[in-house]
Amino acid sequence: HNMGWDGIQLGCTTQDVEVYGNEIINFARAKVQYQAAGFQLNTGVMNAKFYNNYIENGEAGLSVGILYHGNGATEFYNNVVVNAGGRSIALSCESQRSNVPSNPYLRVYHNTLITEGNNRGVNAWITSPDMDATVVTVRNNAITHGSSEGCVNGADEESNNECSAGNSIPSSWQFNNAGAGDYSLKSGSSLRGAGASGTGVSTDFNCGSRPSSSPDVGAYQFGTSMSCSFNANTGGSPSPSPSPSPSPSPSPGGASDAGALRPVVTFVLALITVALVI
């Protein structure tokens, strides 16, 4: 929480990469350009999965929730991104790449993206000649946005995303308590059963079961409760013993913790490789 630059920056990781269970709140407080993402994933990141992360409160007009510059073969699912400052997810692969996978897909499935300002929820800009074969697929996401150009841009395949313009959350979505960071669904939510089949995402943000046919749109499947083995969880459900808490770092801007009512998610990465920003 309360980070001056990126929440997590990762690069040159080429095999069996999984980043999950992180909570990043109040990032980019120092307002440094090119160091202002919740996740910044640089050249070399491929064969990767980014899932079940919570990202909230960047700097308006500067930061991005998830910024990807990698080499493809990467999936993003069951993430919640709230008021990232700019786009919730930006897939930007412009410069020359080496060691690109034979199938450099990018898949954005089952995320809840509450986007602020005049921004899209998901923006893909794949112009590197080494990544011409990249297929960007965006499905089953719940997205609020402010862009007149729509909530998703640059996808090769796009289906069953629920989009709301004007940065407003429709009352029909019926989140349990969005004001407290709880984007799980009530029984009458219009997101229930509205998803496309065949994404291969079998669990939700709570690590509860997600059906393969007609799943719910967004990061949450209705009726699940927190059961992730990697969560410390203070939300009242049974949970494993929490990991030791790290020593707090000084807050650059003195911003308060906006996630007190939300299950606290601990870092589980065994190794984070810090790469130079391109």
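What you see is a predicted model, and the numbers here were worked out from it, not measured in a lab.

Attention now goes to the nonpolar core. Membership of the largest hydrophobic core comes to 33 residues, with the highest contact counts inside it found for Phe76 and Leu91. Among the elements that take part in this core, strand β10 (residues 89–93) stands out by supplying three residues, more than any other. Counting residues in each nonpolar core, the second largest holds 17 residues, with Ile114, Ala142, Leu185 and Phe205 among its members.

Attention now goes to the sheet that holds β10. Judged by pairing direction, the sheet is parallel, and its six strands sit side by side in the order β1-β4-β7-β10-β13-β16 without closing on themselves. The two strands at the open ends of the sheet, each matched to only one other strand, are β1 (8–10) and β16 (152–153). Bridging between β1 and strand β4 (residues 37–41) involves three bridges; their strand directions are parallel. Bridge pairing links glutamine 9 to glutamine 40 in β4.

Relative to the helices and strands, asparagine 53 resides in the loop between β5 (46–51) and β6 (54–56). Residue asparagine 53 is classed as buried on the basis of its relative accessible area, which comes to 0%. When the C-alpha atoms of asparagine 53 and valine 80 are compared, they prove to be 6.4 Å apart, with 27 residues separating the residues in sequence. When near neighbours in sequence (up to four residues on either side) are disregarded, asparagine 53 contacts Val19, Tyr20, Gly21, Asn22, Phe39, Asn78, Asn79, Val80 and Phe205.

Moving on: the pattern of salt bridges. Per the counting criterion, the structure on display carries two salt bridges. Residue arginine 107 is joined to glutamate 75 by a salt bridge in which the shortest nitrogen-to-oxygen separation is 3.4 Å. Of this pair, arginine 107 sits in strand β11 (residues 106–109) while glutamate 75 sits in strand β8 (residues 72–77); the two residues are 32 residues apart in sequence, bridging distant segments of the chain. Exposure remark for arginine 107: the relative accessible area of 26% places this residue in the partly exposed category. Residue classification places glutamate 75 among the buried residues on the basis of a relative accessible area of 15%.

What follows concerns the sheet that holds strand β3 (residues 23–25). Pairing within the open sheet is parallel, and its six strands lie in the order β3-β6-β9-β12-β15-β18. The sheet is open, and its two edges are formed by β3 and β18 (162–164), each paired on a single side. Each strand axis lies, on average, 5° off the axis of its neighbour in the sheet, ignoring direction. Sheet topology note: the β6/strand β9 (residues 80–82) ladder contains three bridges and is parallel. Bridging across to β9, glutamate 56 finds its partner in valine 82.

Applying the stated criterion across every chain yields a total of eight aromatic pairs. The interplanar angle of 85° and the centroid separation of 5.6 Å between the aromatic rings of tyrosine 68 and phenylalanine 76 together place this pair among those described as edge-to-face. Its relative accessible area of 0% is what places tyrosine 68 among the buried residues. On the basis of relative accessible area, phenylalanine 76 is assigned to the buried category, the value being 0%. Relative to tyrosine 220, the ring of phenylalanine 205 has its centre 5.1 Å away and its plane inclined at 45°; by these criteria the two rings are tilted.

Criteria and thresholds
Residues numbered from 1 in each chain as written. Predicted model: local features only at pLDDT ≥ 70, side-chain atom pairs only at ≥ 80, totals over all residues. Heavy atoms only, no water. Core = buried A, V, L, I, M, F, W, Y, C linked by side-chain atoms within 4.5 Å. Buried < 20%, exposed > 50% of the residue type's maximum accessible area, 1.4 Å probe, protein only. Helix = DSSP H or I, 4+ residues; strand = E, 2+ residues; numbered from the N terminus. Pairing = 2+ DSSP bridges. Contact = heavy atoms within 4.5 Å. Salt bridge = Lys/Arg side-chain N within 4 Å of Asp/Glu carboxyl O. Axes fitted to C-alpha atoms, helices over the stretch in contact; angles between N-to-C directions. Phe/Tyr/Trp six-rings, centres within 6.5 Å; stacked < 30°, edge-to-face > 60°.

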